[in-house]
Structures are given as C-alpha cells and as structure tokens.
Amino acid sequence: MIELKNVHKSFGDLEVLKGIDLTVNKGEVLSVIGGSGSGKSTMLYCINAIENIQKGEVIVDGTSVHDENININILRQKIGMVFQQWNSFPHLTVLENAALSPQIVLGKSKSEAEKIAKEHLDHVGLGDKFNVYPGRMSGGQQQRLAIARALAMEPEYMLFDEITSALDPELVGEVLDTLRLLRKEGMTMICVTHEIAFAREVSDNVAFFHKGVIEEFGPPSQVISNPQKERTQQFLSKVLQ
Amino acid sequence: MKNKQIKYLIYALIFIYAVYQTIVSVKASSLTYYDLEFLLEGLERTVYISVVSIAIGTFFGLIFGWMKVSMGTFGNIILSGFLDILRSVPLIIQLILFYAFMGILEIDISIFWVGAIILSAYTSAFVTEVVRAGIESVPLTTRRAARSLGMTYWQDYRYIVFPLGLRAVFPSWISIVLSVIKDSALVSVIGYLELLKTTEELIAKTNEALLLLLGIGLFYFIISYPISLYAAKLERKLKV
C-alpha cells in the first residue's frame, strides 16, 4: 500500500505540492491527471524519494520513504518507475539494459538476470531485439524497454510519469497496450497521464491535480465522465475537445 | 577505405625515406653507436616520465573532476583556483620554480620526481575539466532512471556515468595524453636526461644539430602516432 499524508514539496520559494493525501491499495490503478505544473510528476518523484519533501510523510508498505534511517536503495527495488524520456542506457544492448540492475542490485548471477530480463522483454514484445542497441529503436520500443527494465526488478508497484507524452502519436498505442497487459496481471500502478480515454478505461481511481492540491478524487465514472468540480470540468473540456 | 590506404602508403614512404636518409646521414656524421644508445635511453626516460605523469595526473583528475561536480560552492572555489593556476602558468615556469623551492627548502628529491610531480599536477588540472565535462554529459534523467532501479550512488557512477562519460570525452583525454608526451620535453630545463636533453648534449658534442633534431622529431612521432591510431580505433568501438 502506498500512502501519502499531507505531503508538502517546494522548489525554493515555489510550493509545488500543498498537502497531498492519497492512498493506493495493492492491485489498484490510480491515474493522475491535471495541467502542466500542477505537481503530478513531482508527486511521483516524491514516492520513491528521487525528490525530498518538506513536510508530511510517504509510506510504502509501512515504511516511511523519507526517513533518513531507511535504506532507500532497497525500498526502490520494489517501486519500479518509467519516465517520460525513456532513458535507455545507450551503451548497453536491450538485454543488458534489462539485466543490469537484477545483476548488480539484486545480486543475481548473470545467466539468472538474463533469463529474467528475457522473460520481461518477451512480455513487452521485444523478444527479437535482445542484442540491439537502444539508439537503433523507435521511441515506442525504447519506452517498452524501459517498462521491461523496471519489471525485471520484479517490483510490487509501478510509477509511470507521462510515458506516452514524448512519443509520436502512432507509437502511443503499443505502449498503452503494454500497460493494459500489466493492469490485467494485477500490478499496482500510479499513472501520471494525459491519455484521458486510457485513464477512464484502466483506472480504479482518478486524481485530478490543480496547483499542488488534489481537486477531485474518485472512480473514473465520476472524475472523468461526470466531474463534480468546476476546475475538473474546465480541464476536461479543454483536453477532450 | 581507398583514401585511408593512400594515407598509410604516403606515411610509409616518408618513414622509409626518413629511415634511409637517417642511416646514410648517421654513417656520414661523427655520431657513434654509443651516441644512439644514449639517445634511446633518453627516449626511454621520456616514455617513463610521461606514463607516470599521465597515470598520476589522470588519477587525481578523476578525483578532482568528481569533487568539482559534487562539492559545494566553497570547496569548488578553492579547488578551481588551485587548478586555474596550474593551467595558466606556463609549465616551464612551474618546473623551474618548483625545482628552486625544493632546493631552498633543502628537500631531497630526485630530478625525475620534481618533473613528474609538476607534470602530473599540470595533467590533473586538464583532466579535471575533461572529467567534469564527462560527468555533466550524462543526462540527469538517465541517472535518475538508474537510481530508480535501486542502484546506489556509486553503482550509478560505475555502470552508467563512467562508461557514458568516457565515450563523450575520450578524444579530449587522448589530446591531453599526446600533449603531455610532448610537454615532457620541458623537464629537460631542470636537467632530467630525457629525449630532448640527451639530444642537446649530443648536439653539443657532435654538432649534428639538424640531423639529431630531425631524428628525435621522428621519435616523438613514433610514440604519439600509434596512440592516436589506437585511440581512433577504440573510439569507433565505443561509439554506440
């Protein structure tokens, strides 16, 4: 379970998160929507402590993420993350990209790490690309590699930060299909996304962020199909037209 | 490929002609076999002091470069000031000053180490900037991805930043290596018997200035050119 309790986050004088309370249970999919600068990506970075927070608490399976006494590297092993820029490691082949962290972080043998990596690469449809360098692949393929690389750590949670925003429109579908697959397998996910239709389809809950607060929260049938708050209606009318 | 073969052919012809001319000229000159041996000893010392200085200089350059991107402003100002002095004051002046200070302070240190310390410090100042540029060439987002996979700070450096940074700045590092080999000639001013100094002594003895200078020019080329060839090959291999 991921819990955010009254999370405040500032960059200098700019307060980006102004008291976020949020709970995501095991097996749930939460989609986070909102305009740019609303703090939704920052919230994601605070969950695996890539960004620190000024006030409040983030708790993952009972462990306080921002506690200085915990080993964050161990906690991050169970929280996979995929970014807007796919961030492939360009000096490694597809297989090495996915096998690296199981090997050096989890201490698996090379053959074992490669076996796991191959399974996950197969899973996202990159079974024929093991020895290709990421620079020779399309954005969609690289993004699927990023997903497989995160999954190879066999995490319990996945965080997705606008993973289709930097893709050409015709490549968005293949990446969303991969997410649908994960959804079907019961992965707990938080997706920051601009794909409203996708959010409606896969989410258990949708959070609408506005200026660092959660303006509206609820099942997609409410937040997306029948929004109660005026700001949510305005945002949706803009992105859905 | 065709152009390259022509290039190598021209190099080979020049080389063969130079060797031939050298042999002919040496035979006609007053140089003896022992003089050649003396010269080869100088060559050996040039290689030795260069290798030592490049190794030590690169080692400290790696540390200083890492410090430059990791330290706060205060430490950075001190380190940068120190390195700027090393980079801006001509090497020959640094050598003479350091040698003189060692004498004044009555520190017992061999000429080799006076030269090697200054050459190492000088090298480290340049390598520092190259290392800093290499680290900064790796996008922050890539490093975040590495950390999000559970890698520790040092694993991120070892497996992501170092190999990627190396690819970005390897050619610059090679330029430093080549210039250090040539700059090592300056150590002759404090009396270290490297290639240039041995040549000077032979010139004083035999008066064959032109021949000897051409000869050691060839020697420097023989040391440096394979390095740039090998570097170009390695660079192609590293390119992804």
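In case you missed it, the structure is sitting above this.
A brief look at the structure comes next. Just so you know, these numbers come straight off a predicted model, no measurement behind them. (Residues numbered from 1 in each chain as written. Chains lettered and ligands numbered in written order. Predicted model: local features only at pLDDT ≥ 70, side-chain atom pairs only at ≥ 80, totals over all residues.)

Our next topic: the overall build of chain B. Secondary structure summary: chain B contains nine helices and zero strands in total. Secondary structure elements in chain B, listed N-terminal to C-terminal, are α-α-α-α-α-α-α-α-α. Evaluated residue by residue, chain B yields a buried proportion of 30% over its 240 residues. Of the contacts formed within chain B by residues at least 6 apart in sequence, a portion of 79% connects residues at least 24 apart. (Helix = DSSP H or I, 4+ residues; strand = E, 2+ residues; numbered from the N terminus. Buried ≥ 20, exposed ≤ 12 C-beta atoms within 10 Å, placed from the backbone. Contact = placed C-beta atoms within 7 Å.)

All names here are of chain A. Strand order in the open sheet formed by four strands is S2-S1-S4-S5, with antiparallel pairing between adjacent strands. On the outer flanks of this sheet lie strand S2 (14-24) and strand S5 (63-64), each paired with one strand and no other. Sheet analysis places strand S4 (residues 55-60) next to S5, joined by two bridges and oriented antiparallel. From the neighbouring strand, Val 60 faces S5, where its bridge partner is Thr 63. (Pairing = 2+ DSSP bridges.)

In this section: the nonpolar core. Counting residues in hydrophobic clusters, the biggest one holds 106 residues, and the most contacted among them are Ala 98, Ala 148, Ala 150 and Leu 159 of chain A. Here this core gets twelve residues from one element, more than from any other, and that element is helix H5 (residues 111-137) of chain B. Setting aside residues up to four positions removed in sequence, Ala 150 of chain A forms contacts with Gly 80, Met 81, Val 82, Pro 155 and Met 158 of chain A together with Leu 149 of chain B. Among the nonpolar cores identified, the runner-up in size contains six residues, and Leu 195, Leu 196, Leu 202 and Ile 216 of chain B belong to it. (Core = buried A, V, L, I, M, F, W, Y, C linked by C-beta atoms within 7 Å.)

Read these as layout, nothing more, since geometry by itself doesn't imply function.
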